[in-house]
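Structure assessment
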Amino acid sequence: MLELTGIWRTYVVGDSEVNALRDVFLEVERGEHLAVMGPSGSGKSTLLHILGCLDRPTAGRYLFDGREVGALPDDERSHLRQHEIGFVFQFFHLLSRLTAQGNVELPMLFAGVPRDERRRRAARALEAVGLADRAHHRPDQLSGGQRQRVAIARAVVMEPSLLLADEPTGNLDRSSALEVMEVLEEMNRGGQTLIVVTHDPDVAGRARRVVRMSDGAFVEGAV
Amino acid sequence: MSPLELIGFAFGALRGHRLRTVLSVAGVAVGIAAVVALTALGEGARRYVVQEFTSLGSNLLIIMPGKVETTGAMPFGGVAHDLTIEDAQAIAQRVGGVVRTAPVAAATETVQAGDRGRSLAILGTTAEYSQVRQVTVAAGRFLPSGEAHQSGAELVLGSKAARELFGAANPLGKTVRVGPYRFRVVGVLAPKGRSLGFDFDDLAFVPVRTAMRIFDRSSLFRVLVEMRSTDGLDQAKEDVLGLLRERHRADDVTIVTQGAVLSAFSAILAVLTAALVAIASVSLTVAGIGIMNVMLISVTERRAEIGLLKALGARNRQVLGAFLTEAVVLSSLGGLVGLGVGALVVRLFVGIYPTFPATPPVWAISLSIAVSVLVGGLFGVWPARRATRLDPVTALTGR
Ligand SMILES: Nc1ncnc2c1ncn2[C@@H]1O[C@H](COP(=O)(O)OP(=O)(O)OP(=O)(O)O)[C@@H](O)[C@H]1O
Ligand SMILES: [Mg+2]
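Scope of this entry: the structure provided in the associated data block. (Residues numbered from 1 in each chain as written. Chains lettered and ligands numbered in written order. Predicted model: local features only at pLDDT ≥ 70, side-chain atom pairs only at ≥ 80, totals over all residues. Heavy atoms only, no water.)

**Description of the overall build of chain A**
Operational definition: Per the convention used, a helix needs a DSSP run of H or I reaching at least four residues, while a strand needs a run of E reaching at least two, with both numbered from the N terminus. Whether two residues are in contact is decided by their heavy atoms: any pair within 4.5 Å suffices. Computed by Shrake-Rupley with a 1.4 Å probe, the accessible areas treat only the displayed protein chains as cover when residues are assessed.
From N to C terminus, chain A includes 7 helices and 10 strands. At a minimum sequence separation of 6, the contacts of chain A that also span at least 24 residues come to 70%. About 9,500 Å² of surface is accessible on chain A, with carbon and sulfur atoms providing 48% of the total.

This is the structure we're talking about:
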């Protein structure tokens, strides 16, 4: 489903260059559950952003279902993000002015889903992450774990084929972390491809495959 | 995404950031209010001047003693001859096309009614004056006509003067004193406002010879000449000058007409109009820059939101639509509030100076609204457009 070939991501900081990713190769099958581990600053988020079409590689090829994604026009990348990719950010990125329900409805609003259906699907997604009773709370009225789950509900509500989660349990205690992983793995069992970045060996251990990064590259070679 | 949903989203954003919305609307409103209030005052000043000089009547000649048109001294080094009541009578009898003349003597003196006194402009004139200047009497009558009455002791009060001197009491038939002289109030004028430099509501009329005697004047202040028609005004002016040259054996009076006054003041009017345009453009620019700053700040602040919307799959067009809607709603709202505040300021000003015709010109209102919406839309969308060009992560993390 996904194929990265010789991916580089280079940031220019002042006069020097930072290689957040250096020559990365990766293949991911449809329906796979993959965990990405590695020390802070090793390039995990950068990798996930490129996979999620939120960022473009400086060099290299990214095939999504056989299509070269880096060369796609802006609108088609938007379309891909809208229908194929669900992203759970490391720092949630919820709109503070909207309720949990409103935040989950947001991707559907721009996809042109009619209002009633939007309501219904958002409610169902919130129920799936166990937040049906918090639907009308704003983010600042929710705990960190609850916000994380709202972000997950928003990521899955469009029923994407690829689910990317950047440290979804980073801010959670053990039991909340377990709940969140349950939700994500449930989606994975439903056929969605799941890629999780994590520092937690327990979380990583639940994945079928684990890759480790260090200094912008995979440690055990291409996997 | 339907237009209705777009507007809903924009309003949600405005409601969600209440403080920023209030500040933005206030910023826009201050600029627009300034445009409205300042141009209203400027336009008021222009109208005031025009009004003052068109209230004369276009068929009127005004004769003033002394020659103001020549630069040097009087001919033969002499002083100006007195302008007299007899001159006025001669003009009425001997110049063709004259309907009537009214001699005017002027002084400022305290008028005493019982224990109340008030300093008033006192005009000594004849019954003809009320026709020449179209003065309306609200109660009683104007000065009596006829030669015999030119030395009488009648007095007509302006509406405000009557109120100040007599309060609610009826002044008709009452006695007032000017210095040691006693007058009987025979009439009160209807309100008229200012004209030719006099406040017609706050003055008194007395018979002309009486005025010249008690104020010790040998020359009239003015002679007003009403012509049958506006045509031949220049000829009449020449005739009057000729007649007075013959009577005074010198060219020692000045005659002005409304046309002459207006053309003399056309330079002032042009300056006033230019000042008005300058005021409007300065305040429009200030308003425009204010709106621009507000929009630039509020949109730049929300780069992260643009990044998020894009990350969730919103097209660039949709994001721009949302921000354009928001910007237009914001600046229109500010424009409306500004118009309201500006109108209120003008209303207050007119409340304090009722005779000042302050109204904001229509072009200033429409221009200020157009500028607020245009500038608001432009600077609401331009930074948003820059943000949509970025990859979602770059916009989102603000790096
Ligand atoms: N916009 C940027 N400009 C410059 N350098 C960047 C930028 N984004 C990331 N980097 C650098 O790229 C490297 C990888 O960053 P990345 O965020 O992918 O790390 P990470 O593995 O997700 O770390 P963490 O576990 O702390 O989230 C880091 O050295 C970081 O400093
Ligand atoms: Mg990271």
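On we go from here.
**Describing the overall build of chain B**
The helix and strand inventory of chain B stands at 12 helices and 12 strands. Expressed as a percentage of contacts within chain B between residues at least 6 apart in sequence, the contacts between residues at least 24 apart total 80%. For chain B, the exposed area adds up to about 18,500 Å²; of that, 60% sits on carbon and sulfur atoms.

**Here's the deal with the sheet that holds strand β3 (residues 33–37) of chain A**
Residues and elements named next belong to chain A. This is how it is decided: Think of it this way: DSSP has to see at least two bridges between two strands before they count as a pair. Lines are fitted to the C-alpha atoms to define the axes, a helix being fitted only along its stretch in contact, and any angle between axes, read from their N-to-C directions, falls within 0 to 180 degrees.
With mixed pairing, the 6 strands of this open sheet are ordered in space as β6-β7-β8-β3-β9-β10. Each having just a single partner strand, β6 (85–88) and β10 (217–218) make up the two edges of the open sheet. Of the strand pairs in this sheet, β3 and strand β8 (residues 193–197) are connected by 4 bridges, and their pairing is parallel. By the bridge assignment for β8, Ala35 is matched with Val196. Most of the contacts of helix α1 (residues 44–51) go to strand β7 (residues 162–166), to which it runs at about 155 degrees, and overall it touches β3, β6, β7, β8, β9 (209–214) and β10.

**Looking at the nonpolar core**
How we decide: Remark: nonpolar core denotes a set of buried residues (Ala, Val, Leu, Ile, Met, Phe, Trp, Tyr, Cys) joined through side-chain atoms within 4.5 Å. Partly exposed describes any residue whose relative accessible area lies between the buried limit of under 20% and the exposed limit of over 50%, with all areas from a 1.4 Å probe on protein chains only and scaled to the type maximum.
Core analysis: the largest hydrophobic core is formed by 67 residues, its most contacted members being Leu2, Leu51, Tyr62, Phe64, Leu106, Leu162 and Ile195 of chain A. At 8 residues, helix α10 (residues 316–352) of chain B tops the list of elements feeding residues into this core. Not counting chain neighbours up to four residues away, the residues in contact with Leu162 of chain A comprise Met1, Leu2, Leu51, Tyr62, Phe64, Glu84, Ile85, Gly86, Thr193 and Ile195 of chain A. Listed in part, the 45 residues of the second largest apolar core include Leu157, Ala161, Met212 and Leu244 of chain B.

**Considering the coordination of the magnesium ion (ligand 2)**
Residue and element names in this part refer to chain A. As a reminder of what qualifies: Metal coordination here is assigned from N, O and S atoms located within 2.8 Å of the ion, or within 3.2 Å for Na, K and Ca; omission of water means that sites may look incomplete.
Within the protein, Ser45 (OG) and Gln90 (OE1) serve as the donor atoms for the magnesium ion (ligand 2), at 1.9 to 2.5 Å. Separated by 45 residues along the polypeptide, Ser45 in helix α1 and Gln90 in the loop between β6 and α3 (100–111) bring together distant segments of the chain. Gln90 sits in the partly exposed class, given a relative accessible area of 22%.

**Focus on the packing of aromatic side chains**
Condition: For this analysis, a ring pair means two rings from Phe, Tyr or Trp (six-membered ring only for Trp) whose centres lie within 6.5 Å, classed as stacked if their planes differ by under 30 degrees, edge-to-face if by over 60, and tilted for the remaining angles.
In the structure shown here, the tally under the stated rule is 9 aromatic pairs over all chains. An angle of 80 degrees between the planes, with centres 5.6 Å apart, marks the rings of Phe110 of chain A and Phe9 of chain B as edge-to-face. Here Phe9 of chain B lies in helix α1 (residues 3–16) and Phe110 of chain A lies in helix α3, a pairing that spans two chains. Take Phe110 of chain A: its relative accessible area is 3%, and that puts it in the buried class. When its relative accessible area of 8% is taken as the criterion, Phe9 of chain B is described as buried. Look at Tyr129 of chain B and Phe205 of chain B: their rings are 5.1 Å apart centre to centre, the planes differ by 50 degrees, and that puts the pair in the tilted class. Note that Tyr129 of chain B is positioned in helix α4 (residues 129–132) and Phe205 of chain B in strand β10 (residues 203–207), a separation of 76 residues in sequence. Grouping aromatic residues by their ring pairs yields a cluster made of Tyr129, Phe142, Phe200 and Phe205 of chain B.

**Examining the site of ligand 1**
As a reminder of what qualifies: We call a residue near a given molecule or strand whenever any one of its heavy atoms falls within 4 Å of it. As used in this structure description, the phrase polar contact means that two N or O atoms lie within 3.5 Å; if the pair is within protein, one of them must be able to donate a hydrogen and the other to accept it, and residues adjacent in sequence are counted only when both atoms belong to side chains. All residues other than Ala, Val, Leu, Ile, Met, Phe, Trp, Tyr, Cys, Pro, Asp, Glu, Lys and Arg, Gly among them, are scored as polar; the first ten of these are nonpolar and the last four charged.
Close contacts around ligand 1 come from 15 residues, with Ser40, Gly41, Lys44, Ser45 and Thr46 of chain A the closest. Ligand 1 is flanked by residues contributed from chains A and B. At a separation of 3.0 Å, an oxygen atom of ligand 1 approaches a polar backbone atom of Gly43 of chain A. Broken down by secondary-structure element, the contributors of at least two residues to the shell around ligand 1 are β1 (2–13) and α1 of chain A. Take the shell around ligand 1: its biggest share by element is 3 residues, from α1 of chain A. Partitioned by chemical class, the residues of the shell around ligand 1 number 4 nonpolar, 8 polar and 3 charged.

**Here's the deal with the sheet that holds strand β4 (residues 59–64) of chain A**
Strands in a sheet are paired, the pairing made by backbone hydrogen bonds, and the direction either parallel or antiparallel. Residue and element names in this part refer to chain A. If you walk across this open sheet you meet the 4 strands as β2-β1-β4-β5, and the pairing is antiparallel. A strand with exactly one partner marks an edge of an open sheet, and here the two such strands are β2 (16–28) and β5 (67–68). Set on the sheet, α1 makes contact with β1, β2 and β4; between it and β1 the angle comes to about 120 degrees.

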